[in-house]
Structures are given as C-alpha cells and as structure tokens.
Amino acid sequence: MAGGHEHSAAAQVELRSVTKRFGDGRPAVDAIDLSIRPGEFLTMLGPSGSGKTTTLNMIAGFLSITSGSIELDGRDISGTPPHKRDIGMVFQSYALFPHMTVAQNIAYPLRQRKVDKAEIRRRVDEALAMVHLEGYADRLPRQLSGGQQQRVAVARAIVFRPRLLLMDEPLGALDRKLREFLQLEIRRIHRELGVTIVYVTHDQEEALVMSDRIAVFNDGRIEQIDAPDALYDRPNTQYVAQFLGDSNVWRGTVRHDGTTSIVDTPGGLLRGVRTEAVAEGAQACMVVRPERTGVVDVDAPVPEGANVLDGVVKEVVYLGAQRRLIVDVAGHEVIATVPAGRVGATSGAVRVVFGVDDARVIDAGNTLTMSSAETILQT
C-alpha cells in the first residue's frame, strides 16, 4: 500500500477501570487503566489466565465489560456492537472462509461495507502486495501454507483501512523460523500503515522484538507497562523480572548506603544501585540478568567493588554462540550466560561475579504464581 494508500489517522484507546467478571464472580480483569497511544504497537504479555485475551476481546466488543469504560478516540464504545467499532481483528486460527478464494476472503469486509467492485479490486490487490501474496488471489485457503494463510488473515484485517488492529496470538500455531519471519513482516506493515496495533502473546521474545510498549499482565492486572528495554533492564517487580526473560534473584532485608542498596541474603551481602522504591529494613529482591553475571576461577582477579559469591558449577549448556552455566551458590541456583569465546571456569569451584550497576533492587512483595513459573519453564 506504499505509494497510493491514503493513511487514516491512527486510533487512541483508553481503558478506564475496566473490570470483567464471569460466573464465579472472581474478576478475570480487575479494574485496569490503560492508555494506548495513536499509532503505537502495544503488546499485552502474560501467561494463560492472566487477563490479556479477555481485555483484547472487550476492546473488540466480543465480551461485554462488567464495569468501567472503553473509549475509542474519546468516544465511549463500551456498549457498541463489534461490527460497528470498525476494528480490524486477526486470530490465531486464521478464521478464513474455506469455500472462498484468497481474493474473496480479503474482499469480504469491503463487500459488507458496500464498497463498489472496482474499488474492491484495487484494495484487494493493494492488500495482497502489502503481505507479499501477489499471484495467490485465486487460490483456496487449503492450497496455502500456514504462514500464507496468516498473511491472508492480516490482509483481510487491514483492507478496509481500520484505525485500530487487534491481533490475538496470531503466530502461535507456526513454527519458530516462520514465526520470526512474520514478526518482522507485521512490524513492517505497522510502519507502512501507521495503524494502532494491540497484540496479545505469551511469548516474551516475540513481545520484545515487536513492541513499542509492553503491558505485562498478572492475575487480571497490569503489573508494569513500559518500552521493551526499560521492562527488561528496570523491572519494578520480581514477577516482571522473572517473566520477561531469565533472572537471578536473591531475597533479603535491604539497607541503604549512599548511592547503593545492600541486600542481606543467605549468600552474603550484595550491593546494587540504590532504589528509593524499597524502604530501609524491608524485604527486597536483588535481580541480575544471566548475561550480566560472570563466572571466573577462584583465583582470578575480579573488579574492585564487584559482588563476588563462591559456588560450584553444576551444568554447562551449549547454546551455539553462547554457553549457559548453572552454578550452585550455597544451595541457590545461579545462571550465567556468556559468549562461547569468553567462557572461563566451567567445572568445579568458581566465583560468581556481577557489578553493582548490573543489580536491581526491587520490592519482594510480588512473586510468580506456580502457573506463571510453569509458563516460563515452557517458553
């Protein structure tokens, strides 16, 4: 659609104290507030049952809200039926009509809107070009691969030029290589169209690659919302730290000393960047990412002021260009991810080393539920 496509203004979405309760009375979505900016790619990330898909379905109008309001460009659409919201939707299951050709599937939203035939043909051709499926117009869905079917579903969702596009786990059924390719394709389409996209996934890597901002869901609430790099480097809670990538976490009582915070852990006193969010004497977590955790021989020099812990290597995992070392530190499992060319000690007694600037001290009050932990282990 580059060149001849007339961009419609991107939509702004506001969720105000939105709650959804089902039959048991327990909130599946619990009074969330969320502002989605015009033209941004916002991902709702979380494990199964966290409320992300329920929230997406309330925006789409497939589920009614129990309380609160949803606004589209300042207009309350909480009671507006789905077909009158003019929102594009892409599902994991593709939801293509099996008896219709690719062109007929893509044209369907335009026919519903009584667009004239010449304009339909022009827009269908435009949409096919956008998803790189020129020449596939006369094929049936069963004659396409899974990735091609998903691109047809995207073309159908954008052909009527919606200002808001909702995507519910659209790549979940595809193999890893194809998924990675289509992640970049969807980002390209987003840039070219300038449309607002709200994307649901449980895949942390997918969220990091695709998003302008990520809203991390936990038990019906938004735990934290921020840009991918900010979420990864500066998580506010242990839940976010452990759900978005791997983390080494030590728990203990915190005290502040100048520009650093000191956490008294079973492994010893550990220093991190001072955080005002955790009060003196409170229970806190020190979080360090595996790629910022080093492993050296016991007699190797270490940087002055660094945190140093004695341990024993339990396992070395081959990851191609990297190695993952699992180290036992006083019964606490520590993970270090290091480039293959810079692997130091890989067996026996070692020292685990990380800098003060690499450690983040956060409130210990919010931990992963078992279901969330299981999700992390699986992904």
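Attention in this report is confined to the structure presented alongside it. Everything numeric in this text was worked out from a predicted model, so none of it was measured. (Residues numbered from 1 in each chain as written. Predicted model: local features only at pLDDT ≥ 70, side-chain atom pairs only at ≥ 80, totals over all residues. Heavy atoms only, no water.)

1. Side note on helix 2 (residues 102–112)
Going by this rule: Whether a residue is buried, partly exposed or exposed follows from its accessible area with a 1.4 Å probe, protein chains only, as a fraction of its type maximum: under 20%, in between, or over 50%, in that order. Only runs of H or I of at least four residues qualify as helices and only runs of E of at least two qualify as strands under DSSP, and these elements are numbered from the N terminus. When checking whether two residues touch, look at their non-hydrogen atoms; a contact exists if any pair is within 4.5 Å.
All of the buried residues along helix 2 are Val102, Ala103, Asn105, Ile106, Ala107, Pro109 and Leu110. Packing partners of the buried residues in helix 2 comprise helix 3 (117–130) and helix 4 (146–158). One or two positions beyond helix 2, positive phi appears at Lys114, with a value near 60 degrees.

2. Details of empty space enclosed by the protein
Convention followed: Here a cavity is any set of points on a 1 Å grid over the protein atoms alone where a 1.4 Å probe fits but cannot get out, and a pocket is any open set with protein on both sides within 12 Å along at least 5 of 7 lines; a residue lines the site when it has an atom within 4 Å of a point. Grid points are joined across faces, edges and corners, and a volume is the space filled by probe spheres set on the points. Amino acids are sorted into nonpolar (Ala, Val, Leu, Ile, Met, Phe, Trp, Tyr, Cys and Pro), charged (Asp, Glu, Lys and Arg) and polar (every other residue, Gly among them).
All chains considered together, the criterion is met by 3 cavities of 30 Å³ or more. Of the voids in this model, the second largest cavity is the one considered here, and its volume is about 60 Å³. Around the second largest cavity sit Val131, Gln150, Arg151, Val154, Leu171, Leu182, Glu185, Ile186 and Ile189, which together line it. Mapped onto the lining of the second largest cavity, the elements with two or more residues apiece are helix 4 and helix 5 (176–193). It is helix 5 that contributes the most residues to the lining of the second largest cavity, 4 residues altogether. Its residues assigned to classes, the lining of the second largest cavity shows 6 nonpolar, 1 polar and 2 charged.

3. Description of the sheet that holds strand 17 (residues 322–329)
The condition is simple: When DSSP finds two or more bridges between two strands, those strands count as paired. Note on method: axes are straight lines fitted to C-alpha atoms, helices fitted across the in-contact stretch only, with angles between N-to-C directions ranging 0 to 180 degrees.
In spatial order, the strands read 15-19-16-17-18; together these 5 strands make up an open sheet with antiparallel pairing. Each of the sheet's edge strands pairs with one partner strand only, and the pair in question is strand 15 (294–297) and strand 18 (332–339). Within this sheet the neighbouring strands show an average axis-to-axis angle of 45 degrees, counted without direction.

4. A few points about the environment of Ala336
Among the structural elements, Ala336 can be located in strand 18. For Ala336, a relative accessible area of 1% translates into the label buried. C-alpha separation for the pair Ala336 and Phe41, spaced 295 residues apart in sequence, amounts to 32 Å. Dropping the residues within four chain positions of it, Ala336 is found in contact with Pro290, Thr293, Val295, Arg323, Arg324 and Leu325.

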